[in-house]
Amino acid sequence: MKYEKKIYFDHAATAPLLKEAKAAMEPFLGEDFENPASGYTPAAKCREAVENARGQMAYFMRARPEEIFFTSGGTESDNWAIRGAVELEKKRGNHIITTQIEHPAVLNTCKYLEKQGCRVTYLPVDHRGVVSVEDVKNAITAETVLISVMYANNEVGTIEPVRAIGRVAAAAGILFHVDAVQAFGQISIFPESMGIDLMSISGHKFGGPKGIGALYVNRQVPFGPLIFGGGQESGMRSGTTNVPGIVGMAAAASQWNRNRERWNRSERRIRDYFVRRALKEIPGATLTGSAENRLSGNAHITIPASNGIECIRALDERGIMASTGSACSTGRKKISHVLLAMGYPEEADYAALRFTFGPENTPEEVDEALEVLKSL
Ligand SMILES: *Cc1c(COP(=O)(O)O)cnc(C)c1O
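None of the values given here were measured: they were computed from a predicted structure. (Residues numbered from 1 in each chain as written. Predicted model: local features only at pLDDT ≥ 70, side-chain atom pairs only at ≥ 80, totals over all residues. Heavy atoms only, no water.)

Novice: So, helix α8 (residues 308-317): which residues are in play, and what are the values?
Specialist: Among the residues of α8, those classed as buried are G308, C311, I312, A314 and L315. All buried residues of α8 fall inside an arc of 160 degrees around its axis, so they share one side. Buried residues in α8 make contact with β11 (320-321), β12 (323-324), β13 (350-356) and α10 (363-375). Of the residues flanking the start of α8, the one acting as N-cap is N307, its side-chain oxygen 2.8 Å from the backbone nitrogen of I309. G319 lies just past α8 and shows a positive phi near 80 degrees. (Buried < 20%, exposed > 50% of the residue type's maximum accessible area, 1.4 Å probe, protein only. Helix = DSSP H or I, 4+ residues; strand = E, 2+ residues; numbered from the N terminus. Arc of directions from axis to C-beta. Contact = heavy atoms within 4.5 Å. Polar contact = N/O pair within 3.5 Å; in protein donor to acceptor, adjacent residues only side chain to side chain.)

Below, the structure written as structure tokens:
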């Protein structure tokens, strides 16, 4: 099949590599290939590039360079944060508080830890996908060693009351981890000022390359490694340094830092245009999630008496990429754990569709998508 052009509305799955990120990476994919840990002179350039990138990432978070550890991505950062916190606090207790709408990288790490003897509270959310700060407070016991709540949800784009939860965690002296993978870039986040001890980010969700991420660890937390080996990243995360990935991620973060307001505005304009027309022109369509506390590029709608997979397929035939909210590997209609937690019925006779926009999307692209959806 050949399309006139690709129309990409799935930025929450991965964002296109920004040209500035690609350009920053190029030398390190070519002649500057050395291992930064090597002793000869050319390796120093690689080392400097990595430390510059660390300094930039720290600057964007109002953190210190020694609080930034590069990982292979959001999944590894989430695993490390949660398992590391449990390991660190094992003498104090073994209870984790999280939410029902976390990414599988958090949920499945918690499920694993339950098998290892931890107790996990999966807090519910309201109809918009917001977790209650009161619920967090009430779930705390003497055994609680970690609170892990995402900054913004990857399916419905709902932004969680992270600052207020940070205050609760700090008052109780409990470590607070935030999966900020969807939010970082889109939103400027200063973890220390929000009471965040551990924060996961991922390069490919904000215009950097895939396979690179970071974990912010507040310098007061005596954290240990999850991955052992040659002692890279101050002994905290071994493995030969991904120089192009690190440099590309920092370049992408820098572009977001510079253009954030403008890019948010254009995402919001496209998103609102899509939502306004979809709700008016598609019978029964409703917006999922929160109208106010929402990532600027996220639109998530449900359409009654429709099939999400068929909608995605019809869009795909026109070169338009979007996603269903559901994990439908078996082909049966089963809604996502996020919608389920938000109170949507399990037996879905409606389509759940996620459109996540980037700054480069245009109204004409939205017009094409709406035409396809209306024709169904
Ligand atoms: C994508 C995503 C992850 C996983 O990040 P990877 O870098 O792809 O491993 C974790 N959490 C959230 C909220 C995500 O959206």
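From this point, the narrative continues.
Novice: Give a detailed account of the sheet that holds strand β5 (residues 144-148), specifying residues and quantitative values.
Specialist: Within the open sheet, the 7 strands sit side by side as β2-β8-β7-β6-β5-β3-β4. Their pairing is mixed. Since the sheet does not close on itself, it has two edges, and those belong to β2 (68-71) and β4 (119-123), each with one partner. Put simply, the sheet's adjacent strands are angled 20 degrees from each other on average, direction ignored. Here β2 runs beside strand β8 (residues 213-217); their pairing, made up of 4 bridges, is antiparallel. Across the sheet, residue I68 finds its bridge partner in β8, namely Y216. This element, helix α3 (residues 74-88), spans β2, β3 (95-99), β5, β6 (175-179), β7 (198-202) and β8 of the sheet and lies at about 165 degrees to β7. (Pairing = 2+ DSSP bridges. Axes fitted to C-alpha atoms, helices over the stretch in contact; angles between N-to-C directions.)

Novice: Pulling in residues and values, what's your account of the pairing of β13?
Specialist: Taking burial as the measure, the 7 residues of β13 include 7 buried ones, the bulk of the element. Neither face of β13 is left uncovered, since the one carrying Y350, A352, R354 and T356 and the one carrying A351, L353 and F355 both have all their residues buried. The pairing of strand β10 (residues 298-304) with β13 spans 7 bridges and is antiparallel. Looking across to β13, one finds that I303 is bridged to A351. Here 2 bridges tie β12 to β13, and the two strands are oriented antiparallel to one another. When the sheet's bridge partners are listed, T324 is paired in β13 with L353.

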